[in-house]
Every structure is written in C-alpha cells, then in structure tokens.
Amino acid sequence: MKKTKIILLILLAFSIAFSFIPTATPQIGTYTFHGAAGNEKTLVVRTANNASLEIVFGPGYVGVIEGSFGSGALMVGAKKKSLVTDVNFTHKIDYSFFGLGFLDGTLYNTSNWDWTKGSFGAVADSIGDMVASLYDPTDLTAVVNTIFAMNVTIQNGAIHFAQLPTSVSQYLGAIVWEPKWENVGNTVVHNAVAGDWHSFYTFQYLHNCTETWSYDSTYGSWIGYKLQANSTTIYEFSIELTTAAEIPGFGLSVLTVASLSTMVVLILVIMKKRK
C-alpha cells in the first residue's frame, strides 16, 4: 500500500504545468539552462480521442491521462499556464543519502494555473511550485540507476525532465535509456508494446503505441506530448504560440511541491527499510 502511494505521488509529480521566456546566463559545465522571473507560458490540448485511449489503456484511461498531466487534461481546447517567479542557476541537489553527493542543478520556482477552457484566474491555482533540473545527464542516469535499479525513462526520471538545458539533443543522447525508450533529436520516444507496464506498474499498455515528449532546441523547453496508435495521433498537447515566428517562452513542466515531496517520501521509506 505504501509503495502504491509513493508511485502515485511520482505519477502526480509529472502531471503539472509549464512555462516561460528565455534568457542567457553563465552557468556550470557543458550545458546551459534558460529562464527568468516573469517568464510565462501556456499549453493547449489539441487532441483527445477517448475511444482510442480506452483501447490503449482500458476503461481507466481517464485516470491514466489525468494522473499523468492533471485534471482536465482530456478536454480538447483546455489550456494550462505557468509563471516563473525565480530561478537559481547554481542550485545544489542533495543526493548524498544515496552516495551521490550534492549534484549541480537549476532550481525553478513557479506559479501554475490548472487546465481550463475558460479564462485563467487572477490568482494561480498553485503557488511556490519547485522543480530542480540536473546539469549533467550522467548524474540523471546515476540517480535513476541508484534509486530505482533500472535505466532512465521519462516516467522514472520525471522530476528532472521538467526543463532540459541546451544542447537538448546532446544532453538526451548522453542518457542511458531503458529498452523501448530513446532520444531522437530533441525528442524522447517510447515505443510501448501491448502488455508492457508503466515503469512503476501504475498502469498497463493494452495496445502498441508510441509516446513522444518534445523539447525546444533553443531553450530546452518541454513543449509537448503526443500519443500515437496505428500511426494516428490519439492524444496531444503542445505549446500555444502567440506568433508563428518563434516560441514566446520556454516550456518548463512544473513538477510542483509534489515532486519534491515524492523524493522525501522515497528517502524516508528507503531509510526505514535499511534500519
């Protein structure tokens, strides 16, 4: 039961929002993160084929989609907005309990508005949501290997896939992926086969399908998710552009306090087991 709660927290951590507008800041090592306070971004649901989603995930498909991306994520035309309130490009992420020390990262503080087909309220639905991203892709692989005893998937590394640094393709290419997961340029592609399970066994794929997470090559933003079955897109959301010329902001999947809480819970459970 405890394991199930932890898994659900991890899944929820991947369900929240996305933001913002680029700035260049001198940073650590090979890769560069982007963003600044005041950056804002909106995502919009483009496609949601309920009948096809039920074929892929079964009668619990609503829980799968909303559990992954938030309540209201199945409404075509629904929008979700995020606002960056602060960025720390020299944040240290504490993985010393797992023998990995303090890892270099960037910490984003954000406010978020839930999926809605109406107007966004004057006050965000969630304030003070934090997410930390790692500078070194080998650190990301090491964290997942150490905690979960498997290679990387978007599902098990969700809290660090909110925002990537540039070069995105180089960063993704340096990660050690689980079988059926791979990076293709600025995307992460998961080719699921009928019978496969989610990384934490929260749901099963009942039909062959392909999931694609897309990142912007200039700012490292997570700008969309697409699910295809039989080469047909059955679910998709992506960034809403204000102009056709360029992305007005960069997408940061804000993993909120739930993300950080997940790591705390995992650490506490592991510590208890080791006593």
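Residues numbered from 1 in each chain as written. Predicted model: local features only at pLDDT ≥ 70, side-chain atom pairs only at ≥ 80, totals over all residues. Heavy atoms only, no water.

**Some words on helix α4 (residues 137-148)**
Here α4 is 12 residues long and its end C-alpha atoms lie 16 Å apart, about the 16 Å a rise of 1.5 Å per residue gives. By the burial criterion, the buried members of α4 are P137, D139, L140, T141, V143, V144, I147 and F148. Positioned one or two residues after α4, A149 has a phi angle of 55°, which is positive. (Helix = DSSP H or I, 4+ residues; strand = E, 2+ residues; numbered from the N terminus. Expected span 1.5 Å × (residues − 1). Buried < 20%, exposed > 50% of the residue type's maximum accessible area, 1.4 Å probe, protein only.)

**Notes on the packing of aromatic side chains**
The description of an aromatic ring pair uses the distance of the two centres, along with the angle that the planes make with each other. All told, the structure shown has 21 aromatic pairs when counted by the stated rule. For the ring pair F69 and Y225, a centre distance of 4.7 Å and an interplane angle of 45° mean the geometry is tilted. On the criterion of sequence distance, the pair formed by F69 in helix α3 (residues 61-69) and Y225 in strand β8 (residues 222-229) is long-range, its members being 156 residues apart. Here F69 matches Y225 in class, with each residue buried. One aromatic cluster is present, built from ring pairs that chain together F69, W115, W181, W213, W222, Y225, Y235 and F237. (Phe/Tyr/Trp six-rings, centres within 6.5 Å; stacked < 30°, edge-to-face > 60°.)

**Concerning helix α2 (residues 50-57)**
The periodicity of an α-helix, 3.6 residues per turn, causes residues three or four places apart in sequence to face the same way. The complete set of buried residues in α2 reads S52, L53, V56 and F57. Taken end-on, α2 shows its buried residues confined to a sector of 120°, consistent with a single buried face. The outward face of α2, more than 90 degrees from its buried face, is lined by the exposed residues A51 and I55. In this structure, the buried residues of α2 make contact with α3, β7 (209-215), β8 and β9 (232-239). Its side-chain oxygen placed 3.3 Å from the backbone nitrogen of A51, N49 serves as the N-cap of α2. After α2 finishes, the residue G58 shows a positive phi value of roughly 85°. (Arc of directions from axis to C-beta. Contact = heavy atoms within 4.5 Å. Polar contact = N/O pair within 3.5 Å; in protein donor to acceptor, adjacent residues only side chain to side chain.)

**Here's the deal with the environment of L53**
Along the chain, L53 falls in helix α2. Considering only alpha carbons, one finds L53 and Y235, 182 residues apart in sequence, at a separation of 7.7 Å. With residues up to four places along the chain from it excluded, the contact list for L53 reads G58, Y61, I65, L74, L227, I234 and Y235.

**Structural notes on the pairing of β7**
Remember that side chains alternate between the two faces of the sheet whenever the strand is regular. Most of β7 is tucked away, with 5 of its 7 residues classed as buried. For strand β6 (residues 187-192) and β7, the ladder comprises 6 bridges, and the chain directions are antiparallel. The partner of H190 across the bridge, within β7, is E211. Summarising the sheet, β7 and β8 pair through 6 bridges and their orientation is antiparallel. Counterpart to E211 in the pairing with β8 is L227. The hairpin formed by β7 and β8 contains 6 residues between the paired strands, and G220 there has a positive phi angle of roughly 75°. (Pairing = 2+ DSSP bridges.)

**Here's the deal with the confidence of the model for the protein**
For residues with low pLDDT, the predicted coordinates do not support detailed interpretation. The predicted model of the protein averages 83 in pLDDT, with 78% of residues at 70 or higher. Note that pLDDT drops below 50 for residues 1-22; the model gives that stretch 98 contacts with residues more than four away or on any other chain. In this model residues 243-275 is a low-confidence stretch, pLDDT under 50, and it forms 101 contacts with partners more than four residues away in sequence or in other chains. (pLDDT = per-residue confidence, 0-100.)

**A short note on unusual backbone geometry**
A cis geometry characterises the amide bond from T166 onward to S167, with omega recorded as 0°. Along the polypeptide, S167 turns up in the loop between α4 and α5 (168-173). At Y201, a residue that is not glycine, the phi angle is positive and equals roughly 60°. Following the sequence through the fold, Y201 ends up in the loop between β6 and β7. Residue N230 is not a glycine yet carries a positive backbone phi of 55°. Classification of N230 as exposed rests on a relative accessible area of 63%.

**Points about the sheet that holds β8**
The strand order across the open sheet built from 9 strands is β4-β3-β2-β1-β9-β8-β7-β6-β5, with neighbouring strands paired in antiparallel fashion. Because the sheet does not close on itself, it has two edges, and the strands there are β4 (126-134) and β5 (181-184). Going from strand to strand, the sheet's axes swing by 25° on average, the running direction of each strand aside. On top of the sheet, α2 reaches β1 (40-48), β7, β8 and β9; it is set at about 105° to β9, its chief contact. Against the sheet, α3 contacts β2 (79-94), β3 (102-116), β8 and β9, and its axis sits at roughly 20° relative to β9. (Axes fitted to C-alpha atoms, helices over the stretch in contact; angles between N-to-C directions.)

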